[in-house]
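# Coordinates in review
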Amino acid sequence: MKTRVLGKARVKISELGFGGWAIGGDGFGNGYGATSDAESRAAIGRALELGVTFFDTADIYGHGHSEALIGDVLAEWPGSDKVVVCTKGGVDFYRSETGLEYDLTPYGLANAVQRSLDRLRRPKIDIYLLMNPPIGELLATDRVWQSLGALQRADKIGAFGVSVSDPHEAVALLEHGAPVDVIEVAFSIFDQGAVTELLPLARTRRVGIIAREPLANGFLTGKYAPRHPFPPGDHRAQLPREYADALADHAQRLRFLATPRRTMAQAALRFALDEPGIGTVVVGARTAEQVEENIAACDLDPLTDDERMAIETVFE
């Protein structure tokens, strides 16, 4: 497993990270369908065996369940001190499981961090990110950064930053001078918005970039045709039907990326791994077999120029 250094956070991590969204389960409608805790633990363990040293999760994934599973496995892993864990918070589900609201108050953040620490069974969260926070509030006041700085001085968290839903939000924060070490943003064949402004600016500011959703919520595996029925509890069931069908249709037109030597998913991962300026690519997995397929992409050759040109024609 190749490693990379994540910006000014200065942590060395595997170039492919384990994403904990899927293993949170489908109990709160924001997962990827039903899961098996035994399979999830096996997937985490297999990732560790194959050299993954970066785990990305969030307290809202299964309302703590993803964090707890990762914490349980890491607690028994002999090399867990060399593993870097990133989790996200700021969305308050503790007071109500139905009416989710942001709580970026000093108490809200301190409470969220402590609960994540308890579930992860670690003395310190290596990287702590705000989960798609309201950017206007972060631009209007330094209060949130002061709270995170206090948690950092208390040795509860290490590097901190934001996970954004739109790369333009991250650009606005960086241009405003936000004191972030790390930014997490979606990046895939379907979502290349970070390339134009965010990645060059992040390199200039030495801000580490975590690329999430390289498989575009699973659509870039090529497994889903238009009109695919996602079950209740799978967040993809809530996507507008036309949008989901368009993703599935474009993915079907990219099936030429699958060859005898690689799967379509591996080609999509290679696309993200090949992009300069990305510190690590985070991909979810619910089984050990999926982990093995994902990690095998690290040993594959980069996509060719012809393949990249062919990808572009799909969107013309």
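Fair warning: this is a prediction, and the values are worked out from it, not measured in the lab.

Among the secondary structure elements, Asn294 is positioned in helix 10 (residues 288-296). Residue Asn294 is classed as buried on the basis of its relative accessible area, which comes to 5%. Setting aside residues up to four positions removed in sequence, Asn294 forms contacts with Leu16, Leu269, Val283, Gly284 and Ala285.

Our focus in this paragraph is helix 7 (residues 198-205). Taken residue by residue, helix 7 has Leu198, Leu199, Leu201 and Ala202 as its buried positions. Taken end-on, helix 7 shows its buried residues confined to a sector of 165°, consistent with a single buried face. At its buried positions, helix 7 is contacted by helix 6 (167-176), strand 10 (182-186) and strand 11 (208-212).

Interaxial distance between helix 1 (residues 37-49) and helix 10 falls to 8 Å at its minimum, and their mutual angle equals 30°. By the angle between their axes, helix 1 is roughly parallel relative to helix 10. In the packing of helix 1 onto helix 10, the handedness of the crossing is right-handed. Taking contact as the criterion, the partners of Ala42, Ala43, Arg46 and Ala47 in helix 1 are, on helix 10, Ala288, Val291, Glu292 and Ile295. In the contact of helix 1 with helix 10, the residues fall into 6 nonpolar, no polar and 2 charged.

Each value, and the rule that gives it
Residues numbered from 1 in each chain as written. Predicted model: local features only at pLDDT ≥ 70, side-chain atom pairs only at ≥ 80, totals over all residues. Heavy atoms only, no water. Helix = DSSP H or I, 4+ residues; strand = E, 2+ residues; numbered from the N terminus. Buried < 20%, exposed > 50% of the residue type's maximum accessible area, 1.4 Å probe, protein only. Contact = heavy atoms within 4.5 Å. Arc of directions from axis to C-beta. Axes fitted to C-alpha atoms, helices over the stretch in contact; angles between N-to-C directions. Parallel < 35°, antiparallel > 145°, perpendicular 65-115°, else oblique. Left-handed = near helix turned anticlockwise from the far one by under 90°. Nonpolar A, V, L, I, M, F, W, Y, C, P; charged D, E, K, R; others polar.

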